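Here's the letter readout for the chains.
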Amino acid sequence: MTRVKTKLDDDLSSPWFYTVCTMGGMLSAGTTHLAITPLDVLKVNMQVNPLKYHSIPSGFSTLLREHGRSYLWRGWSGKLLGYGVQGGCRFGLYEYFKTLYSNVLPNHNRTSIYFLSSASAQVFADMALCPFEAIKVRIQTQPLFAKGLLDGFPRVYRSEGLAGFHRGLFPLWCRNLPFSMVMFSTFEQSVEFIYQKIIQKRKQDCSKAQQLGVTCLAGYTAGAVGTVISNPADVVLSSLYNNKAKNVLQAVRNIGFVGLFTRSLPVRITIVGPVITLQWFFYDAIKVLSGFPTSGGVRKPVDATKLSL
């Protein structure tokens, strides 16, 4: 039994494991974000022009009446590729940093490990996402800006230079770092709570279907909690990309404290909850199909020489 557990710990800190996690994160995040592109188009327009797009039904009606059905899919390439790259970094690096911090900080509680791991992974994930997000938001809110990434990237570069691709990096971090830290920690703690208090069985004693069910329930909880925390920065980000404000402080003043937490929040909850649930489900399904267990829990410290990517 000890020999089997030791082999499993070795497998879960191997380059192949991190490769599977990265590819799983890319596929799960890219495809789910692509699927909800129409909702994302509405969300961004509600943030930029809340008087015109003041609710989900009327917002969709206005977009369809003024721009047609094809407009609802504007920015799809940025969603697929940008969030695919971000998802690969977020999930793959999270697993790597979780093993690393568990090894170098063995006496810290698990919540600290979750926070540190998710924050470290998200820093790199947002650096990869930022150029795609800069193009996507403009495409979705400015009908004449560009058709997609191919003509969007050159236009931003000609008008703003390289700085234009990372103009929103700080508010992106402000949005996604709290979201990621809360989301991963909530997911991990929800998984633990479900197994201990609801199912009252160890993960390894449950079927794969039961384990994936736990993943879905914990994933939805994590997405809903993280959405509320990250909403203010998401609203500021859309304002900056559409030149509604010159800097973060001006954007905050223009939007107002209440608006930061309420503007587009219903549509974001509609988007993020199911998306995060599906991401965790696809991600864990890929891990299971590759011979690895579902997500959740901090493993015992491993040999640091096995942490190389």
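What you see is a predicted model, and the numbers here were worked out from it, not measured in a lab.

Enquirer: Tell me about the overall build of the protein chain, and name the residues and values.
Expert: For the protein chain, the helix and strand inventory stands at twelve helices and zero strands. Mapped from its N terminus to its C terminus, the protein chain presents α and β elements in the order α-α-α-α-α-α-α-α-α-α-α-α. Taken over C-alpha atoms, the radius of gyration comes to 20 Å for the protein chain, in line with the 19 Å a tight globule of 309 residues would show. When the backbone C-alpha atoms are referred to their principal axes, the protein chain occupies close to 65 × 40 × 35 Å. Burial statistics for the protein chain: of 309 residues in total, 52% are counted as buried.

Enquirer: An account of the UniProt feature "repeat: Solcar" (unreviewed entry) in the protein chain is needed here, citing residue identities and associated values.
Expert: Within the UniProt annotation, "repeat: Solcar" (unreviewed entry) is assigned to residues 16–100, 109–193 and 210–289. Between the first and last C-alpha atoms of residues 16–100 the distance is 16 Å; the span itself is 81% helix and 0% strand. Helix makes up 81% of residues 109–193 and strand 0%, and the two end C-alpha atoms of the span are 16 Å apart.

Enquirer: For a nonpolar patch on the surface, give the residues involved together with the corresponding values.
Expert: On the surface, Phe257, Val258 and Phe261 cluster together into a nonpolar patch covering about 340 Å² of accessible area. Residue placement: Phe261 occurs in helix H11 (residues 257–262).

Enquirer: So what about the side chain of Lys98? Which residues, and what values?
Expert: Within the element layout of this structure, Lys98 appears in helix H5 (residues 76–104). A distance of 2.9 Å separates polar atoms of two side chains, one belonging to Lys98 and the other to Glu188.

Enquirer: Which residues make up the side chain of Ser190, and what are the values?
Expert: Along the chain, Ser190 falls in helix H8 (residues 169–199). Ser190 sits in the buried class, given a relative accessible area of 13%. Contact partners of Ser190, with chain neighbours within four places excluded, come to Ala218 and Thr221.

Enquirer: Describe the pattern of salt bridges, listing the residues and the values that go with them.
Expert: On inspection of all chains with the given rule, the structure shows ten salt bridges. For Lys52, the salt bridge identified is with Glu66, shortest N-O distance 2.8 Å. Taken together, the residues span a long stretch of sequence, with Lys52 in the loop between helix H3 (37–48) and helix H4 (56–67) and Glu66 in helix H4 at a distance of 14 residues. The exposure class assigned to Lys52 is partly exposed, which follows from its relative accessible area of 34%. For Glu66, a relative accessible area of 41% corresponds to the partly exposed category.

Enquirer: Mind laying out the packing of aromatic side chains, listing which residues take part and the relevant values?
Expert: Applying the stated rule across the entire model yields 15 aromatic pairs. Connected via pairs of aromatic rings, a cluster forms that spans Phe17, Tyr18, Tyr96, Phe97, Tyr101 and Phe292. Here Lys79 stacks its cationic end above the ring of Tyr83, 4.7 Å away from the centre of that ring.

Enquirer: Pulling in residues and values, what's your account of the environment of Pro143?
Expert: Positionally, Pro143 belongs in the loop between helix H6 (110–141) and helix H7 (149–160). According to the relative accessible area criterion, Pro143 is partly exposed, its value standing at 40%. Separated by 104 residues in sequence, Pro143 and Leu39 have C-alpha atoms that sit 17 Å apart. Beyond its immediate chain neighbours, meaning those up to four positions away, Pro143 contacts His67, Tyr71 and Arg74.

Enquirer: How would you summarise the packing of H8 against helix H12 (residues 265–289) if you had to cite specific residues and measurements?
Expert: Where H8 contacts H12, the axes come no closer than 13 Å and their chain directions differ by 60°. Considered as vectors, H8 and H12 are oriented oblique to each other. Classified by chirality, the crossing of H12 by H8 is right-handed. From H8, Phe179, Met183, Phe184 and Phe187 reach across to H12, where they touch Val272, Ile276, Trp280 and Asp284.

Enquirer: Quick rundown of the packing of H3 against H4? Include the residues and the values.
Expert: Where H3 contacts H4, the two axes come as close as 10 Å, and the packing angle between them is 100°. Looking at the two axes, H3 sits roughly perpendicular to H4. Contact residues: Pro38, Leu39, Val41, Leu42, Asn45 and Met46 in H3; Ile56, Gly59, Phe60 and Leu63 in H4. Of the residues in the contact of H3 with H4, the class split is eight nonpolar, two polar and no charged.

Enquirer: Explain H12 residue by residue, including any values.
Expert: An ideal rise of 1.5 Å per residue puts 36 Å on 25 residues; H12 measures up with 35 Å between its terminal C-alpha atoms. Residue Gly291 follows H12 closely and has a positive phi angle near 95°.

Enquirer: Would you mind going over the environment of Ser180 in detail, with residue names and values included?
Expert: Its place among the elements puts Ser180 in helix H8. As for Ser180 and Thr111, which are separated by 69 residues in sequence, their C-alpha atoms are 13 Å apart. Beyond its immediate chain neighbours, meaning those up to four positions away, Ser180 contacts Arg90, Ser118 and Gln122.

Rules and cut-offs
- Residues numbered from 1 in each chain as written.
- Predicted model: local features only at pLDDT ≥ 70, side-chain atom pairs only at ≥ 80, totals over all residues.
- Heavy atoms only, no water.
- Helix = DSSP H or I, 4+ residues; strand = E, 2+ residues; numbered from the N terminus.
- Rg over C-alpha atoms; globule rule 2.2 N^0.38 Å.
- Buried < 20%, exposed > 50% of the residue type's maximum accessible area, 1.4 Å probe, protein only.
- UniProt positions renumbered as here; feature names shortened; annotations may be inferred.
- Patch = residues over 30% accessible without salt bridge, like charges linked within 9 Å, V, L, I, M, F, W, Y side chains within 5 Å.
- Areas by Shrake-Rupley, 256 points an atom, 1.4 Å probe, with all protein chains shown as cover.
- Salt bridge = Lys/Arg side-chain N within 4 Å of Asp/Glu carboxyl O.
- Polar contact = N/O pair within 3.5 Å; in protein donor to acceptor, adjacent residues only side chain to side chain.
- Contact = heavy atoms within 4.5 Å.
- Phe/Tyr/Trp six-rings, centres within 6.5 Å; stacked < 30°, edge-to-face > 60°.
- Lys NZ or Arg CZ within 6 Å of the ring centre and 35° of its normal.
- Axes fitted to C-alpha atoms, helices over the stretch in contact; angles between N-to-C directions.
- Parallel < 35°, antiparallel > 145°, perpendicular 65-115°, else oblique.
- Left-handed = near helix turned anticlockwise from the far one by under 90°.
- Nonpolar A, V, L, I, M, F, W, Y, C, P; charged D, E, K, R; others polar.
- Expected span 1.5 Å × (residues − 1).

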